[in-house]
Amino acid sequence: MNQDNCFHCGDVCDSDPIFYNEKKFCCNGCKTVYEIFSENDLTCYYDLEVSPGATPKDIEGKYDFLSQENIIEKLTEFNDGKTQIVTLYIPHIHCSSCIWILENLNKLNSGISSSQVNFGKKQVRVTYHTNTTSLKETVCLLSNIGYEPYISLDDFKTGRKQVNRSLIYKLGIAGFAFGNVMFLSFPEYFEVGEFWLEKYKHLFRWLMFFFSLPVVFYAGQDYFISAFKGLRKKLLNIDVPIALGIAVLFLRSSVDIIFDLGSGFFDSLTGLVFFLLLGKFFQQKTYSFLSFERDYKSYFPIAITKIKDGHETPIQVYDIKKGDRLLIRNEELIPADGILISGNAQIDYSFVTGESKTVNKQSGDKLFAGGKQTSGLIEMEALKSVEQSYLTQLWSHDVFNQNKEEHFTTLTNTISKRFTITILSIAIIATSYWLSADASKALNVFTSVLIIACPCAIALAAPFTLGNLLRIFGKMKFYVKNATVIEQLANINTIIFDKTGTITSNKKSTATYEGDILSSSEELLLKNTLRGSNHPLSRALYNILEEHQIITLNHFEEHLGKGIEASYNNEHIKIGSASFVGAKETSVLETNVHISSNNYYKGKFTFYNSYRRGLSKLFNELKKDYDLAILSGDNAGELENLKKLLPSKTKLIFNQKPDDKLEYIKYHQSEGAKVLMVGDGLNDAGALAQSNVGVALSENVNVFSPACDAILDASKFSQLFQFIKASKQAITIIKWSFILSLIYNCIGIYFAVTGQLAPVIAAILMPLSSISIVVFTTVSTNFLGRKLRKKG
Amino acid sequence: MSVIYMLLGISIVVAIIFFIAFIVAVKKGQYDDDYTPSVRMLFEDELVKEQSNSTIKNKKTN
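Residues numbered from 1 in each chain as written. Chains lettered and ligands numbered in written order. Predicted model: local features only at pLDDT ≥ 70, side-chain atom pairs only at ≥ 80, totals over all residues. Heavy atoms only, no water.

Caption draft 1: Here's a closer look at the sheet that holds strand 3 (residues 78-79) of chain A. Residues and elements named next belong to chain A. Taken in spatial order, the four strands of this open sheet run 3-4-6-5, and their pairing is antiparallel. Two strands bound the open sheet, and with one partner strand each, they are strand 3 and strand 5 (112-118). Strand direction decides the pairing type here: strand 5 and strand 6 (residues 123-129), joined by six bridges, are antiparallel. Of the residues in strand 6, the one forming a bridge with Asn-118 is Gln-123. (Pairing = 2+ DSSP bridges. Helix = DSSP H or I, 4+ residues; strand = E, 2+ residues; numbered from the N terminus.)

Caption draft 2: Quick look at the UniProt feature "transmembrane region" (unreviewed entry) in chain B. In the numbering adopted here, UniProt assigns the feature "transmembrane region" (unreviewed entry) to residues 6-26 of chain B. From the first C-alpha to the last, residues 6-26 of chain B spans 30 Å; its make-up is 100% helix and 0% strand. (UniProt positions renumbered as here; feature names shortened; annotations may be inferred.)

Caption draft 3: Fine view of the UniProt feature "domain: HMA" (unreviewed entry) in chain A. Under the local residue numbering, the UniProt record ascribes the feature "domain: HMA" (unreviewed entry) to residues 84-150 of chain A. As annotated, residues 84-150 of chain A comprises 25% helix and 30% strand, and the C-alpha atoms at either end are separated by 18 Å.

Caption draft 4: Quick peek at the packing of helix 6 (residues 166-190) of chain A against helix 7 (residues 195-219) of chain A. Residue and element names in this part refer to chain A. Look at helix 6 against helix 7: their axes get within 9 Å of each other, and the N-to-C directions meet at 165 degrees. On the basis of the axis angle, helix 6 is roughly antiparallel to helix 7. Viewed along their axes, helix 6 and helix 7 form a crossing whose handedness is left-handed. Across the contact of helix 6 with helix 7, the residue classes tally to 17 nonpolar, three polar and four charged. (Axes fitted to C-alpha atoms, helices over the stretch in contact; angles between N-to-C directions. Parallel < 35°, antiparallel > 145°, perpendicular 65-115°, else oblique. Left-handed = near helix turned anticlockwise from the far one by under 90°. Nonpolar A, V, L, I, M, F, W, Y, C, P; charged D, E, K, R; others polar.)

Caption draft 5: How the structure looks around unusual backbone geometry. Residues and elements named next belong to chain A. Located in the positive-phi region is Lys-234, a residue other than glycine, with phi close to 60 degrees. For Lys-234, the position within the fold is in the loop between helix 8 (221-232) and helix 9 (239-258). At Lys-477, a residue that is not glycine, the phi angle is positive and equals roughly 65 degrees. Relative to the elements of secondary structure, Lys-477 occurs in the loop between helix 14 (456-475) and strand 16 (478-480).

Caption draft 6: Molecular detail of the sheet that holds strand 8 (residues 311-316) of chain A. Residue and element names in this part refer to chain A. Across the sheet, which stays open at both edges, the six strands sit in the order 8-7-9-15-10-13 with antiparallel pairing between neighbours. Since the sheet does not close on itself, it has two edges, and those belong to strand 8 and strand 13 (366-367), each with one partner. Note that strand 9 (residues 325-328) and strand 15 (residues 378-382) share four bridges and pair antiparallel. Note that in strand 15 the partner of Ile-328 across the bridge is Ile-378.

Caption draft 7: Quick peek at the domain arrangement of chain A. Residue and element names in this part refer to chain A. According to the domain assignment, chain A contains domain 1 (1-55), domain 2 (64-151), domain 3 (166-284 + 411-464 + 729-791), domain 4 (301-385), domain 5 (471-505 + 614-725) and domain 6 (506-611). In this assembly, five residues from domain 4 lie in contact with eight residues from domain 5. Taken together, the two surfaces of domain 4 and domain 5 that pack against each other cover about 490 Å², and 54% of this comes from carbon and sulfur. Taken together, the connections running from domain 4 to domain 5 amount to zero salt bridges. Tallied by class, the residues present in the side of domain 4 that touches domain 5 amount to two nonpolar, two polar and one charged. (Domains from an automatic or database assignment. Contact = heavy atoms within 4.5 Å. Buried area = accessible area lost by both parts, 1.4 Å probe. Salt bridge = Lys/Arg side-chain N within 4 Å of Asp/Glu carboxyl O.)

Caption draft 8: A look at the pattern of salt bridges. All names here are of chain A. Scanning the entire structure with this criterion turns up 13 salt bridges over all chains. Among the ionic pairs, Arg-252 bridges to Asp-256, the shortest N-O distance being 3.7 Å. In this pair, Arg-252 and Asp-256 are both assigned in helix 9, four residues apart and thus about one turn of the helix distant. The class for Arg-252 is buried, based on a relative accessible area of 13%. Between Asp-498 and Lys-661 there is a salt bridge, with its nearest N and O atoms 2.9 Å apart. Taken as a pair, Asp-498 in strand 17 (residues 494-498) and Lys-661 in helix 22 (residues 658-670) lie far apart in primary sequence, 163 residues in all. An identical accessibility class is assigned to Asp-498 and Lys-661; each is buried. In this structure, a network of salt bridges that share partners links the residues Lys-170, Asp-222 and Lys-280. (Buried < 20%, exposed > 50% of the residue type's maximum accessible area, 1.4 Å probe, protein only.)

Caption draft 9: Broad picture of a nonpolar patch on the surface. All names here are of chain A. A surface patch of nonpolar side chains, amounting to about 650 Å² of accessible area, comprises Trp-206, Phe-210, Val-255, Ile-258, Phe-259 and Leu-261. Mapped by element, the contributors of at least two residues to the nonpolar patch are helix 7 and helix 9. If you trace the backbone, Phe-259 turns up in the loop between helix 9 and helix 10 (266-283). (Patch = residues over 30% accessible without salt bridge, like charges linked within 9 Å, V, L, I, M, F, W, Y side chains within 5 Å. Areas by Shrake-Rupley, 256 points an atom, 1.4 Å probe, with all protein chains shown as cover.)

Caption draft 10: Local environment of the nonpolar core. Residues and elements named next belong to chain A. Of all hydrophobic cores here, the largest spans 121 residues; its most connected members are Ile-495 and Phe-497. Counting only domains with at least three residues in this core, you end up with domain 3 (166-284 + 411-464 + 729-791) and domain 5 (471-505 + 614-725). By size, the runner-up hydrophobic cluster in this structure holds 47 residues, among which are Leu-88, Leu-108, Val-124 and Tyr-147. (Core = buried A, V, L, I, M, F, W, Y, C linked by side-chain atoms within 4.5 Å.)

Caption draft 11: Representation of the side chain of A:Thr494. Residues and elements named next belong to chain A. Looking at the element boundaries, Thr-494 is found in strand 17. Given a relative accessible area of 7%, Thr-494 falls into the buried group. A distance of 3.0 Å separates polar atoms of two side chains, one belonging to Thr-494 and the other to Asn-493. Non-local contacts of Thr-494, meaning those with residues more than four positions away in its chain, are made with Tyr-626, Asp-627, Ala-673, Lys-674, Val-675 and Leu-676. (Polar contact = N/O pair within 3.5 Å; in protein donor to acceptor, adjacent residues only side chain to side chain.)

Caption draft 12: Just the UniProt feature "transmembrane region" (unreviewed entry) in chain A, in detail. Residue and element names in this part refer to chain A. Within the UniProt annotation, "transmembrane region" (unreviewed entry) is assigned to residues 167-186, 206-228, 235-251, 257-278, 419-436, 442-466, 733-753 and 759-784. Taken as a whole, residues 419-436 contains 100% helix and 0% strand, while its terminal C-alpha atoms sit 26 Å from one another. Along residues 733-753, the helical share is 100% and the strand share 0%, with 30 Å between the first and last C-alpha atoms.

Caption draft 13: Spatial organisation of the pairing of strand 11 (residues 345-348) of chain A. All names here are of chain A. In strand 11, alternate side chains face the same way, and those of Ala-345 and Ile-347 on one face and Gln-346 and Asp-348 on the other are all buried. When strand 11 meets strand 12 (residues 359-361), the two strands line up antiparallel, connected through three bridges. Bridged to Ile-347 within strand 12 is Val-359. Pairing geometry for strand 11 and strand 14 (residues 372-373), over two bridges, is antiparallel. Bridge assignment links Asp-348 to a residue of strand 14, and that residue is Lys-372.

Caption draft 14: Representation of the environment of A:Ala462. All names here are of chain A. By the element assignment, Ala-462 lies in helix 14. By relative accessible area, which is 5% here, Ala-462 ends up buried. The sequence separation of Ala-462 and Thr-412 amounts to 50 residues, and the corresponding C-alpha distance is 7.1 Å. Among residues more than four places away in sequence, those in contact with Ala-462 are Thr-412, Gly-467 and Ile-734.

Caption draft 15: Layout of the packing of aromatic side chains. The full count for this structure, using the stated rule, is 24 aromatic pairs over all chains. Taken together, a centroid distance of 4.6 Å and an interplanar angle of 40 degrees make the contact between A:Phe119 and B:Tyr35 tilted. Placement of the pair is A:Phe119 in the loop between strand 5 and strand 6 and B:Tyr35 in the loop between helix 1 (3-27) and helix 2 (36-40), with the two residues belonging to separate chains. Assessed through its relative accessible area of 18%, A:Phe119 is described here as buried. Grouped by ring-pair contacts, the aromatic residues A:Trp206, A:Phe209, A:Phe210, A:Phe217, A:Phe250 and A:Phe266 constitute a single cluster. Sitting above the plane of the A:Tyr223 ring, A:Lys280 keeps its charged end 4.8 Å from the centroid. (Phe/Tyr/Trp six-rings, centres within 6.5 Å; stacked < 30°, edge-to-face > 60°. Lys NZ or Arg CZ within 6 Å of the ring centre and 35° of its normal.)

Caption draft 16: Summary view of a positive patch on the surface. Residue and element names in this part refer to chain A. Positive charge collects at one region of the surface, where Lys-623, Lys-624, Lys-649, Lys-651, Lys-725, Lys-787 and Lys-791 lie side by side. Its location among the elements puts Lys-791 in helix 25 (residues 759-791). Relative accessible area serves as the criterion here: at 48%, Lys-791 is assigned to the partly exposed category. (Lys, Arg positive; Asp, Glu negative; His and termini not counted. Charge placed at Lys NZ, Arg CZ, Asp CG, Glu CD.)

Caption draft 17: Main features of the confidence of the model for chain B. Residues and elements named next belong to chain B. Residue-level pLDDT values for chain B average 73, and 68% of them are 70 or greater. Put simply, helix 3 (residues 44-52) is where chain B has its lowest mean pLDDT, 50, and helix 1 is where it has its highest, 90. In this model, residues 48-62 is a region of pLDDT below 50 whose contacts with residues beyond four sequence positions or in other chains number 24 contacts. (pLDDT = per-residue confidence, 0-100.)

What follows is the structure, given as structure tokens:
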């Protein structure tokens, strides 16, 4: 381990680390956590992983609302007055040390009887006794050891989320029945006319019949429901021929065994349902640590402090009324639009716009919901309730209640229409031929065609191709919600990007200096002055400037919201806003930091957005096939820069409100555009929902991103084109699989129309076609994935 | 040859018992989290060691 790193959190220690117990700590917070652990014999925490901890944040008063009965009632999943159980989301959970310490919480607080971690979901489920501890104490304990739970408005709803496991049950039943039926049907295939078999075959057949009952009526019921729904809408979706196949298989087999005509097709029937459900199961790839359904509720706090007659009381954010006086602490979110009354407001709107630089507000300024206060206490007066605020209003738009998939016909359903019509006509023609040739065989032929043509392999092609690609994308940090999204991605023709936070990077910014050249002593003073300031612009500028030796300043003063002032020997420097240093404000569109030395104006640093790496290359790759546009909520300050970087046909549109973005996409869709929207902040939420495919770009996938169809890790931004290309190739693979399965169908139909379809042929042909499709799609998508990785 | 009825009966009963066990396991959420238990399993030894030894352990350097 590097000696300069903090023993607890692994951060680089500043110039004056704290030594305790021969270990180095970057701050008192980390040291305190270590003390807590060592007093309670829990230092094993540090043995499992090196520096696993997080620095605890100051939470004074932040969780007061957790002592309110009605809030406890909503958050806990079990509460009988003595024992309470609560499940908390802790974003910091990241290693085995985390699991270990969180499952040993009972050693830190005897009131906690047990705690269990779900690593994938980053959750801990705590059971505690209310006579010795409380929810607030539990949450404060977690925060004090660096595991601050994230409690948002989203947790605040009655009723537990029900996990839907019915697909696993159905798959289990189908698999169970398939296995047993296979064993029972095998003897008849190989030992025809054997004495003992003749005696017991009726028993075997009826056993198979009973095994297939739950398969048809429970495991397969979704296909009947879906086919019925499709027919009512006059759509021949893929489930229509499947449901028809299942029904005919079951009826024909039952008739066969009742009248002792044959052994029936029960093995094909159960096998068919099992393979189909397997495809469905494989297609579902869920990322337990991600959510694609988030709205503003996941960002907003449950409660906020209200000031009334000089008293501070926590109230639920839904109870905020116009005119309420609210107290916003450091790191707290502004829940409703309002006016700043007092305090130094440095609002970080990065949740909303993706812009990470904080905005300075003066008393009397308007504050918008969704901003995060970053320096000290402020008081504000609410102007609107939570639901009516500028940002949250967006969610009352219809687009959030629509289901995108309903308006999209998948490739499988497109082909199924023609397929069903063809199969039905073949069946009718063959039957009418046999009616004249040999009427006894007519019904046999009709059912045989429907059985053998059951599009099992066609129905499996898309789930296995897209399901596998979903996993490959997931490994490459492109997390797609479901398989349909990949199909939609292959169909787009227009790509729209948000600007701030999407094509620009939050982390790095660049600045240019304009004005009189600074002398070396001035540069030294500037760097050292910036070192003492925590303002985001100071930090950004500090990181850009060259390294200098560290000096101790004679005088240092930070004027909140204006700038900083410092002196060393005879030099005096002022850094900050134009009015602070005594310069004229030049351009309101730019972010400037002005500098004056010894009361003489020197110049200014102008900050530019720094664009993501590979941006130009990506746009040049995309411009051949797609219409490109950039929708920005900002002013046109970056217009010239963008024009230089991007292909000339890219549309650049500025000053777009969240609603404008949504309408822009809607308008283009009405003209036939299939839109891919790439955005990041909550202000893009409407556009992401309206677009055909909404991709949220995220610097850290564990942090929240707005509701979308896919989440792309920011480091993979430049590979967007490769992902789209891979989706298109996946569609080609599906088409080839269709051809392959149609060949199998032709062979099967030959047996069927000639009246030779014996159960054993169906029993061979059906699994063979299904398995070969699965193998073909898996191998070719893996090949695709390998090509993708090579480029990445 | 009525033994075959018994054998069939027993084999199906056994199969159904296992099937019910599977359904119960799914219902109780045993398949919901497939990572944490694998890590938790390895902690048992550490816990015992920890209780018998009350002095602060030196950190492992690696």
